[in-house]
Amino acid sequence: MIEFRNVGKTYQPLFGSPVRAVEDFSLTIELGEVMGIAGPNGAGKSTLISMLLGYVLPTEGTVRIDGMEPRAYIERYGVGYLSELIAINPRWTVDGALARYAILAGVPEGEIQPRVDEVVERLGLDEHRRKKVKELSKGNLQRLGLAQALLRSEAVFILDEPTHGLDPVWTTKFRDIVEQLRRPDRAILIASHNLDELERLADRVAIIDRGQLQRVVDVRGAGGELALLGAGNAAGTYRLSVAAGAEVVPEVFPGARNLGRGEFVVEASDLAALNRGVAELIVRGTLLAGFAPVQSALEQQFREAIGEVT
Ligand code: ADP
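Residues numbered from 1 in each chain as written. Predicted model: local features only at pLDDT ≥ 70, side-chain atom pairs only at ≥ 80, totals over all residues. Heavy atoms only, no water.

### So, the sheet that holds strand β12 (residues 263-268)
Strands pair in a sheet through their backbones, by hydrogen bonds, and they do so in one of two ways: parallel or antiparallel.
Here's step 1: Pairing is antiparallel in the open sheet, where four strands are placed in the order β11-β12-β10-β13. At either end of the open sheet lies a strand with only one pairing partner, and these are β11 (257-260) and β13 (287-293). For this sheet, the mean angle separating the axes of adjacent strands, direction not counted, is 25°.
Here's step 2: Sheet topology places strand β10 (residues 236-244) next to β13; six bridges connect them, and they run antiparallel. Looking across to β13, one finds that A244 is bridged to L287.
Here's step 3: Each of β10, β12 and β13 is contacted by helix α10 (residues 271-283), which is oriented at about 165° to β13, the strand it contacts most. (Pairing = 2+ DSSP bridges. Helix = DSSP H or I, 4+ residues; strand = E, 2+ residues; numbered from the N terminus. Axes fitted to C-alpha atoms, helices over the stretch in contact; angles between N-to-C directions. Contact = heavy atoms within 4.5 Å.)

### Quick notes on the pairing of β11
Consecutive side chains along a regular strand alternate between the two faces of the sheet.
Here's step 1: Where β11 lies against β12, three bridges are found, and the strand directions are antiparallel. Following the sheet pairing, R257 is matched in β12 by V265.

### Looking at the environment of T93
Here's step 1: With respect to the helices and strands, the residue T93 is situated in the loop between β5 (80-82) and α3 (94-104).
Here's step 2: Remark: the alpha-carbon pair of T93 and L189, spanning 96 residues in sequence, is separated by 29 Å.
Here's step 3: Contact partners of T93, with chain neighbours within four places excluded, come to R129, R130, K131, K132 and V133.

### A few points about the side chain of E33
Here's step 1: By secondary structure assignment, the location of E33 is in the loop between β2 (19-29) and β3 (34-38).
Here's step 2: For E33, a relative accessible area of 10% puts it in the buried group.
Here's step 3: The residues touching E33, leaving out its near neighbours within four places in the chain, are T28, R186, A187, I188, D203 and R204. (Buried < 20%, exposed > 50% of the residue type's maximum accessible area, 1.4 Å probe, protein only.)

### Here we look at the site of the ligand
Here's step 1: Taken together, Y11, V19, A21, P40, N41, G42, A43, G44, K45, S46 and T47 form the complete shell of residues around the ligand.
Here's step 2: Between the ligand and G42 there is a distance of 2.6 Å, counted from an oxygen atom to a backbone nitrogen or oxygen.
Here's step 3: Within the backbone of A43, a nitrogen or oxygen atom sits 3.1 Å from an oxygen atom of the ligand.
Here's step 4: In isolation the ligand offers 560 Å² of accessible surface; the protein chains occlude 61% of this area.
Here's step 5: Of all the secondary structure elements, the ones that give two or more residues to the shell around the ligand are β2 and α1 (45-52).
Here's step 6: Among the elements that line the shell around the ligand, the one with the most residues is α1, at three residues. (Near = heavy atom within 4 Å. Polar contact = N/O pair within 3.5 Å; in protein donor to acceptor, adjacent residues only side chain to side chain. Areas by Shrake-Rupley, 256 points an atom, 1.4 Å probe, with all protein chains shown as cover.)

### Some details on the pairing of β3
Here's step 1: Across the five residues that make up β3, a large majority, five, are buried.
Here's step 2: Here β3 shows two buried faces, one formed by V34, G36 and A38 and the other by M35 and I37.
Here's step 3: As judged from the four bridges shared by β3 and strand β8 (residues 204-209), these two strands associate in the parallel manner. Bridged to G36 within β8 is V205.

Right, dumping it as structure tokens:
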């Protein structure tokens, strides 16, 4: 549905030297898929999104939505878009803003009010609908931005930092909203700094650094998180909780950090080594209450991909 093929973008500022923002970037996002995009600041995420929206043209390669130039596609079918910086006229009311966006999105006259009512309800904005945009808190403004993106039922959704400013309750609700958005005939792209969120929401996550695609992590791979760990280099840090036999832990894992109350942080060179260690602990009488990676699997892959040693 969405295809970046060998895409490059070099900005040529009026003064100073050219900036290579994206380089030889290829990625395909299929219908039915939720794709995450993660990368440090300056990695090129905004540039990629701008190219997908047709605001910025690539200097090399091609970007296509359903085989079309982004601008031509968007003019014809529209896309649901939540921008990182929500710029809605502060003097409009919530209701008024949504009605205007519905007109802009080409929602037929008779459907505008029902659609506005539906997104207001979905994003819990009912008590705010007569407020001016400038009176909204940051979290409510973000919800208005999301409501605006959901006004039409497009086949492509692009959400840039969608949970920015949302409180934990709405961050959780947002996950349900994305789950409801997921459809076999729709492609959803989510750019986020929050790896934990991408790990929960996305099927795959593209990790970008210095304008290049570093790796694509399949977060929904068979077997879930541990399959992911096994597929990559599972070297990492794990937290062990033991109910009895804590004294054995430093003997089996020499670098173990004792956090007290039976909690340890241990390093393992790979998943097999971790399992050997855990097996030895059990054989030697340790009663294990739990173990889990200190970093999520995605976070680990992210750090490896951007060259940060954990
Ligand atoms: P991200 O969204 O991942 O933070 P960006 O796409 O905004 O990354 O930026 C990628 C690189 O391109 C950065 O080095 C940034 O400074 C540069 N850049 C972005 N927009 C422009 C522009 N309009 N003119 C010149 N350089 C730019």
